[in-house]
Amino acid sequence: MPAIASSASWIRVAAAADIGSIPVPVQAGDRDWVLVRLTEDATPTAFAAHCPHRLVPLAAGTVVDGALQCAYHGWRFGSDGRCTKVPSLGPDVHVPPRAHLPVPPEVREDADGIWLRTPADPAQATGRTELTNLDPALRHAWHPVAVAEELGEHRHAVRLLGRDWTLRRSDGAVRAEPAPYGVLERWGLVWLAPERPAGELFDDPDSEDREYVGDWLPPARTNVSAGLVADNFLDVAHFPFVHAATFGADTEVVEAYDVEAEPGGFRSVQVQPFDNPEDPAVATGERPLRQLRRATYVYRAPFQLMLRLEELDAGAVKTILFFAQPEDLTSTRIYTKMLLHGIGGVARPGAAVLAREVAFEEAVLAEDLALQSAMDATGLPLELRAELHIRADRLGVALRRELASFLDRATTVGA
């Protein structure tokens, strides 16, 4: 971040040559801003540091059609800080007033650099309740800590909730030191509950997939909390912006969908359009490239997720199991398993197809990890007023409410 020097009521924040069409974070006083030129030769414009939607740093954004576009969901902001576009709502839809950014500071450019003068009465940031990877309540839950195949004859060190644990296999069973409430194996993962859990692992998602072909992705690691990882997995509005290079749909609008509460979590069933070049009937002209699929999201607190994608025209099914291990405040390990049926018209796809699907899912995950690397939040806000939620965010709202409920249950269990 550029060094700061002050002059009267103006604050120098950067050299003129440092500011172009790529947003740059700066500080003026005790507040963070983003500077960028919205056109090639224009005086730089200052924006608040974070998008009000999911609090993603706007320094990760890009300039599109003379506005600053957030990298996560494509929200656009004009030079006056007003939000001009919320893609998931569609065109000609009223933009919520809270979508607008705070009034930006005045900007002056001269031979000495770029200067800011903040508004006379700037809005003050408010505290918000966040669920971090070090929340004591998470001790009352089952967490994945290793792929079973990672455990050999020797001790295996893992990190969970800011604490070191050692796993070892003895007489066919997995044991942990220091001794937790419990250790078990399921879905090819080792799970550990430090203290009596407030909920159990959800029903075996493989029960419908016993004849499916499956494999784990190599475990990945991200700098954001497990709550933010779960929120990202459930988010259906970021596809065109984060996943444009893989599967991002050409439509930005998210139609209304429902979320159904279940014990310890929820599920949502959505029908979505998608391009299906893997369907053999597309090549023969029997079916169009653009088809429909049913997407079923299943969540169990705190960080157990599943997505089942059923191709309604071709009959193929892809199931994605997704679990997060909260290691430290800024470290989360991610486990992803693919289960396939009927891909390319074959009930049990071969090894080459499985490898291709795993590699594709790795590319999708890499796009999410790239976005997360730009995020600076330490946890997932549970106070709904801390962010701006819209129609497309029903799953995210359900996640925050269920996690808040989980914290209450964990407190009761630990009492």
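Residues numbered from 1 in each chain as written. Predicted model: local features only at pLDDT ≥ 70, side-chain atom pairs only at ≥ 80, totals over all residues. Heavy atoms only, no water.

## Considerations on the overall build of the protein chain
Applicable threshold: Secondary structure follows DSSP: runs of H or I at least 4 residues long count as helices, runs of E at least 2 residues long count as strands, and numbering of each begins at the N terminus. With the radius of gyration taken over C-alpha atoms, the globule rule is written as 2.2 Å times the number of residues to the power 0.38. Whether a residue is buried, partly exposed or exposed follows from its accessible area with a 1.4 Å probe, protein chains only, as a fraction of its type maximum: under 20%, in between, or over 50%, in that order. Note on contacts: a residue pair is in contact if any heavy atoms of the two residues lie within 4.5 Å. To be clear on the numbers: accessible area is Shrake-Rupley with a 1.4 Å probe, and residue cover counts the displayed protein chains and nothing else. Positive charges come from Lys and Arg alone, negative charges from Asp and Glu alone, with His and the N- and C-terminal ends not counted. Just so you know, the charge point we use is NZ for Lys, CZ for Arg, CG for Asp and CD for Glu.
Across its full length, the protein chain carries 5 helices and 27 strands. A globule of 415 residues ought to have a C-alpha radius of gyration of about 22 Å, and the protein chain, at 24 Å, matches this closely. With the C-alpha coordinates of the protein chain rotated into their principal frame, the extents come out at 75 × 60 × 35 Å. Out of the 415 residues belonging to the protein chain, those deemed buried represent 52%. Of the contacts formed within the protein chain by residues at least 6 apart in sequence, a portion of 59% connects residues at least 24 apart. As displayed, the protein chain has an accessible area near 18600 Å², and 50% of this comes from carbon and sulfur atoms. Distance between charge centroids for the protein chain: 4 Å, based on 40 positive and 59 negative side chains.

## Description of the sheet that holds strand β8 (residues 76–77)
Worth spelling out the cut-off: Here, a strand pair is defined by DSSP locating no fewer than two bridges between the strands.
If you trace the 4 strands from one edge of the open sheet to the other, you get β6-β7-β8-β9, paired in antiparallel fashion. Lying at the two open borders of the sheet, with one neighbouring strand each, are β6 (62–64) and β9 (83–85). Pairing analysis gives 2 bridges linking β8 to β9, with the strands arranged antiparallel. Bridge pairing in β9 links Phe 77 to Cys 83.

## Describing the sheet that holds strand β18 (residues 189–193)
Formally: Axis geometry follows a simple rule: fit a line to the C-alpha atoms, using only the stretch in contact for helices, then measure angles between N-to-C directions, giving values from 0 to 180 degrees.
Reading across the sheet, the 3 strands line up as β13-β18-β17 and stay open at both edges, with antiparallel pairing between neighbours. Each having just a single partner strand, β13 (143–147) and β17 (182–186) make up the two edges of the open sheet. Put simply, the sheet's adjacent strands are angled 30° from each other on average, direction ignored. Sheet analysis places β13 next to β18, joined by 4 bridges and oriented antiparallel. What sits directly across from Ala 146, in β18, is Val 190.

## Thoughts on the pattern of salt bridges
Cut-off, in case you're wondering: The salt bridge definition used is simple: a Lys or Arg side-chain nitrogen within 4 Å of an Asp or Glu carboxyl oxygen.
Across all of its chains, the model carries 28 salt bridges by this definition. Between Arg 168 and Glu 177 there is a salt bridge, with the nearest N and O atoms lying 3.5 Å from each other. Close ionic contact of Asp 279 with Arg 287 constitutes a salt bridge, the shortest N to O distance being 2.6 Å. A relative accessible area of 28% places Arg 287 in the partly exposed class.

## Some thoughts on the nonpolar core
Going by this rule: What makes a nonpolar core is a set of buried Ala, Val, Leu, Ile, Met, Phe, Trp, Tyr and Cys residues whose side-chain atoms join them at distances within 4.5 Å.
By size, the foremost hydrophobic cluster in this structure holds 100 residues, and its most contacted members are Val 13, Leu 58, Trp 75, Leu 167 and Tyr 297. Broken down by element, the residue count for this core peaks at 8 residues, all from helix α5 (residues 394–414). If you look at the next biggest cluster of nonpolar residues, it comprises 17 residues, including Leu 189, Ala 193, Met 306 and Leu 339.

## Points about α5
Counted only if it meets this: The span you would expect from a helix comes to 1.5 Å times its residue count less one.
Look at α5: 30 Å from first C-alpha to last across 21 residues, which is about the 30 Å you get at 1.5 Å a residue. Along α5, the residues classified as buried are Leu 395, Gly 396, Val 397, Ala 398, Leu 399, Arg 400, Glu 402, Leu 403, Phe 406, Leu 407, Ala 410 and Val 413. Considering only its buried residues, α5 is in contact with β12 (130–132), α1 (226–234), β22 (265–275), β23 (290–300) and β27 (379–381).

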